[in-house]
Every structure is written in structure tokens, then in C-alpha cells.
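This is what each chain is made of:
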Amino acid sequence: MGKLIHIGFGNVVNTGKIIAIVNPDSAPVKRMVQKAKETGMAIDATQGRKTKAVLVMENSQIVLSALLPETISGRAQTEDGQIDEE
């Protein structure tokens, strides 16, 4: 299991399973999110806030976050945002 990073509101994801962290504003990403919601493959971790980042996971799941993509990628690259796996 890879490192776990905080994506907002007490939610964490495994960095080893992330394929991409993208901005949700483009039409293709909006279609991808809508299709994932329809098929039950979307995980909404925004706590009702505006979606600012979409994490594409390797098992075809989509994770929606209220944090900016830059914030999440920064946490994935540093020790500060990581939580111990124990």
C-alpha cells in the first residue's frame, strides 16, 4: 500500500492508486464525472462544497475533492500531507 494523503474534511486516498489529478472545469472531465456518478464509480469527498479537483484512480473510480489540484499534488510530493498507514 502506498502513502495516504489528506484530500480534505478527514478524507484520505492512497497515492499509489492515483493516475491523475485534474481540474473539473473542462467538458470532458465533466462528462467523465457524470458517467462515474451514474455508474456508481464516483466517491464524493467534498462534504457539499464545490468540486475543485477530480482524482482519477487506477480502478476506474473517480474521487471528487474540494481542495485545489495543486494542493493535493503538493501533499502527494511532500511528507507533510501524509498519514501513517498503521
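As a reminder, the structure under discussion sits directly above these lines.
Bear in mind the structure is a predicted one, so any value in this text is a computation, not a measurement. (Residues numbered from 1 in each chain as written. Predicted model: local features only at pLDDT ≥ 70, side-chain atom pairs only at ≥ 80, totals over all residues. Heavy atoms only, no water.)

**Describing the overall build of the protein chain**
Turning to step 1, where the next piece is worked out: Scanning the protein chain from terminus to terminus reveals two helices and seven strands.
Turning to step 2, where the next piece is worked out: Listed N to C, the secondary structure of the protein chain is β-β-β-α-β-β-β-α-β in terms of helices and strands.
Turning to step 3, where the next piece is worked out: Out of the 86 residues in the protein chain, the part that is buried amounts to 31%.
Turning to step 4, where the next piece is worked out: Taking all contacts inside the protein chain whose residues are at least 6 apart in sequence as the whole, residues at least 24 apart take part in 51%. (Helix = DSSP H or I, 4+ residues; strand = E, 2+ residues; numbered from the N terminus. Buried < 20%, exposed > 50% of the residue type's maximum accessible area, 1.4 Å probe, protein only. Contact = heavy atoms within 4.5 Å.)

**Some thoughts on the sheet that holds strand E5 (residues 53–57)**
Turning to step 1, where the next piece is worked out: On the basis of which strands lie adjacent, the open sheet formed by four strands has the order E3-E5-E6-E4 and mixed pairing. At either end of the open sheet lies a strand with only one pairing partner, and these are strand E3 (18–22) and strand E4 (42–44). The mean angle between the axes of side-by-side strands here comes to 20°, regardless of whether they run parallel or antiparallel.
Turning to step 2, where the next piece is worked out: Sheet topology note: the E3/E5 ladder contains four bridges and is antiparallel. (Pairing = 2+ DSSP bridges. Axes fitted to C-alpha atoms, helices over the stretch in contact; angles between N-to-C directions.)

**Re helix H1 (residues 27–39)**
Turning to step 1, where the next piece is worked out: Over its 13 residues, H1 runs 18 Å from end to end, which matches the ideal 18 Å to within 8%, given 1.5 Å per residue.
Turning to step 2, where the next piece is worked out: Those residues of H1 that are buried are in contact with E3, E4, E5 and strand E6 (62–65).
Turning to step 3, where the next piece is worked out: A positive phi of about 80° marks Gly40, the residue just after H1. (Expected span 1.5 Å × (residues − 1).)

**What to know about the nonpolar core**
Turning to step 1, where the next piece is worked out: Core analysis: the biggest nonpolar cluster contains ten residues, these being Ile5, Ile7, Val13, Ile18, Ala45, Ala53, Leu55, Met57, Val63 and Ile72.
Turning to step 2, where the next piece is worked out: For this core, the secondary structure elements donating two or more residues are strand E1 (4–8) and E5.
Turning to step 3, where the next piece is worked out: With three residues, the single largest contributor to this core is E5.
Turning to step 4, where the next piece is worked out: Setting aside chain neighbours within four positions, we find Ala45 in contact with Ile7, Gly8, Phe9, Asn11, Val63 and Leu64. (Core = buried A, V, L, I, M, F, W, Y, C linked by side-chain atoms within 4.5 Å.)

**Examining the environment of Thr39**
Turning to step 1, where the next piece is worked out: If you trace the backbone, Thr39 turns up in helix H1.
Turning to step 2, where the next piece is worked out: On the basis of relative accessible area, Thr39 is assigned to the exposed category, the value being 52%.
Turning to step 3, where the next piece is worked out: Considering only alpha carbons, one finds Thr39 and Gln61, 22 residues apart in sequence, at a separation of 9.9 Å.

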